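Commentary on secondary and tertiary structure
As a plain string of letters, each chain reads:
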Amino acid sequence: MIRQPRRPLRTALRALPAVLIAAAVPVLPLGSVAAYAATEQPDAPYSLDATVSPAPLTTTACAADLRCALVASPTGGDDYTVLQNALNAAGTRATAAVVDADGTVVTPAVPGTVLLGEGTYSITKPLKLPVNVNLRGSSIKTTAIKIDDAAPWANFGFSFMIRPAADQSLTAEPSPGSVNTVSDLTLNGRCIKGKGGYSETGSKEPTIVPEDPALTGCESSLGNDNNSGGGIKVGNRWTVQQVRFTNFNYFKLWVKATRDVHIIDNRWDNWFGAGSGDEDNIGGGSDNTGTVIENNQWDQTIRGNAFDFTHARNVTFRNNKVVANRYYADQRKVTGYGSVYLESVVGGTFSDNDLKGANIVLKSNANYDHSGENFDVTNTRDVVVTRNRIHDTFNTAITAVYDDYAQGTTTHVRYPGGNNTITDNVITNTAESAILITGVSNADKNAADTVTGNQITNVGVRGSTQYSGFDSVGIAIGIGNGDKVHHNSIADDQAWPTSWYGMQIGSSTTSAVSVTNIQLTDANGDGWNTTSRLLGGQRKYGALAALAPTGLTAPNGAFTWSESVAQDPATYSPVGGYRVYRNGVEVAYYPVGSPVIPGNLYSADQSGMENGVAGYTANGATVAAKTGDAAVGNGSMLVTTGSTTRTVTVNGLAVPVTAGTTYTSVTSFKALTSGGRSVRTGMTWRDATGKSLGQFAPNHRNTVASTSNWVTSSYTAVAPAGAVTAQPFLVIDNSIAGEQHLIDRVGLVAGTNTEGWTDGAYAPGNRYQVVAYRVGDFQNSTPATVIG
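A brief look at the structure comes next.

**A closer look at the packing of aromatic side chains**
- Scanning the model with the defined rule gives 25 aromatic pairs in all.
- Centre to centre, the rings of Tyr762 and Tyr768 are 6.0 Å apart; their planes meet at 15°, and the pair counts as stacked.
- Under the relative-accessibility criterion, Tyr768 is labelled buried at 1%.
- Put simply, the rings of Phe245, Phe248, Trp268, Trp298, Phe307, Phe309, Phe317 and Phe350 touch in pairs and so form one group of aromatic residues.
- Just above the ring of Trp153 sits the side chain of Arg190; from NZ or CZ to the centre is 4.3 Å.
- The ring of Tyr773 has Arg579 lying over it, and the distance from NZ or CZ to the ring centre is 4.5 Å.

**Let's talk about unusual backbone geometry**
- In this model, Asn295 sits at a positive phi of 60°, which is unusual for a non-glycine residue.
- Along the chain, Asn295 falls in the loop between strand S17 (292-294) and strand S18 (297-298).
- Look at Asn419: it is not a glycine, yet its phi comes out positive at around 55°.
- By the element assignment, Asn419 lies in the loop between strand S29 (417-418) and strand S30 (421-423).

**Describing the sheet that holds strand S62 (residues 784-787)**
- If you trace the 4 strands from one edge of the open sheet to the other, you get S48-S47-S61-S62, paired in antiparallel fashion. Among the strands making up the open sheet, the edge pair consists of strand S48 (585-591) and S62. Between one strand axis and the next, the sheet turns through 20° on average, direction left out of account.
- Note that strand S61 (residues 767-774) and S62 share 4 bridges and pair antiparallel. When the bridges of S62 are listed, Val770 appears paired with Ala784.

Rules used in this analysis
- Here, residues in each chain are numbered from 1, in the same order as that chain's written sequence.
- Restriction of local features to residues with pLDDT of at least 70 applies here, the model being predicted, together with a cutoff of 80 or more for giving and counting side-chain atom pairs; totals for whole chains, interfaces and linings are based on all residues.
- The basis for every side-chain value is the complete set of non-hydrogen atoms in the structure, without hydrogens or water.
- Any pair of Phe, Tyr and Trp rings, taking the six-membered ring for Trp, is counted once the centres come within 6.5 Å. Such a pair is stacked with planes under 30 degrees apart, edge-to-face with planes over 60 apart, and tilted for the rest.
- Burial classes follow relative accessibility: with a 1.4 Å probe on protein chains only, a residue under 20% of its type's maximum area counts as buried, one over 50% as exposed, and anything between as partly exposed.
- Only when the NZ of Lys or the CZ of Arg is both within 6 Å of the ring centre and within 35 degrees of the ring normal is a charge said to sit over the ring.
- Segments assigned H or I by DSSP are reported as helices when at least four residues long, segments assigned E as strands when at least two residues long, and all are numbered from the N terminus.
- Only strands joined by at least two bridges in the DSSP assignment are considered to pair.
- Geometry is summarised by axes, namely lines fitted to C-alpha atoms with helices restricted to the contacting stretch, and by angles between N-to-C directions that run from 0 to 180 degrees.

Here it is as structure tokens:
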């Protein structure tokens, strides 16, 4: 067997690259889960009873079959030798398949069978299943095989309780046409000794080992035993059916370099005090082909991913049920678990599954060590994700990530992905967006994806408003050329809506990846996505929005925040103003900014110029009072450039400051005669004698004056040693002779927050959000959020 290194747990979407963004504790108290589930949809019912499997083999039927042998009961000690001898003998009773020259089965194999009677069988070494041998129990509830309490973990190092007797691969077929079945029993991996056995009346709570860097989550050493004691490693054409996997230190079921494996009607849980390592419940890859995984169930007590294949082809995952609850995630101190991962998977269908808490992720193998089969990078492609019911997720519901790693001294090959179809899924109550398609480079995806017919209700329900450059939206598209996105419905039916947009096109945090030629209708021009009760509307374009407000605070309903700026000065996008939302309803709208600057060291007249401009002085221009055109109120300052084209500066009134304290100046500007000039707000510091300690203004060009709207600039700095006063220092760059500009809403505050609003209906527990919107098309920033 090729040894598998311990892999990091992938219980939620891995962090994207920077360009995007001892003794067991007592069992958990009964009833705690219910409190966590109060706002969630009901779990898919979990039961050990078969759903599609035939009744277990009986002793009578076994006795009538010359190829079947009964092991009536456990010995009470180590059962390894008895079981292995029985399996070997069954191999001699089997008849191999007859195949023709190209491998086609002419006459099917007839397997031998070992039937285990009721009881718990202990093994000290892995059982090796010969080709064409079936291992069956009397039932999933009454027959169990466990790793013996006295067996050293080393006996199962990088290995499994049940595995093929002969190593095989896609290129070396030990027995063409062979078949094997393991069914109707429980496998107990002895993660926690004495736990995991079945009881009709026992507690179904797991054991959760306290956080300890030396432990695996089991009674085993992370340094010495972490890759020991898995469940089943399947071979070609194996069927695993009605098997319960519990209490495992290592991978529960491993599917690597196989053909045509069927995994049907099995169960994964950690009931009755069982524990678990963090490895996948079903894992593997290495070009396993034609694997079918159907009608299985994963209980909320599992740990790790429900499923994760890397380098697989033509995978079918259908009619399965996975439950992951926030209660157990919190107890284990993880952000999520139960996920379904398709990494470097080419071809497959994931359909008609019921996932609670868990999500589906399509991605490449770029995050693994760059060696062996992971030296080259394959992005997932040609996968259909359809008719799934996904709800109450820890993050996004369905994610496709296209990525690669940087070329090193030895060039690797990157195989682009795409042509994935996400259609007719029902997605409800996601913590983040419902469907996210994103990437690192346009070269990582070379075929359009299709996203159609999905019904999405309530995104961002856990308060998340942004993830990897995307707001909480129904569908986020961050990479692709010609993607089809239509006939989807996105709605919010919560009393306090959390869904911001139906769709976001393009990331808000990178311009290195593009979305082009997106198709928002079908070929007939029909099928626009429909939306209902969304906070921001149907669609957002990520590259255009401003950066989100920062520093949002709300002591007793008095809200303050700092100024937002354009996210990319090279593609200037002026901030037009702000909107405030309470529990999903807009309660304040501020063109330009709030009428009152919170904590302003200027008086209302000094800030708003409602009664003149006394105390302001200009260099290279004259100043005068003006009425009828103002950022707030009715008055403003008229600045007229002199006879020479130059940078005009205006100094405001001096106010006392304390050296070492942070201050922010803020001003709103508007061009009266012609726009296009950079306008900036800075600070002049002075000592006790009135001597200037310097005039400072930001070097950025985030604010450009316009004749059609007001723009706001701010500057934050720490008062230098010796400073006793400060003046706002206002700059109009390269102003043409005779040109006129307006200035209003001047402020200087201690701290950084220069916008404010007071809620007269404030109540603890309310959710408040503030967005900055863009001039012209009113594109919103990502919301800033605070809970009252």
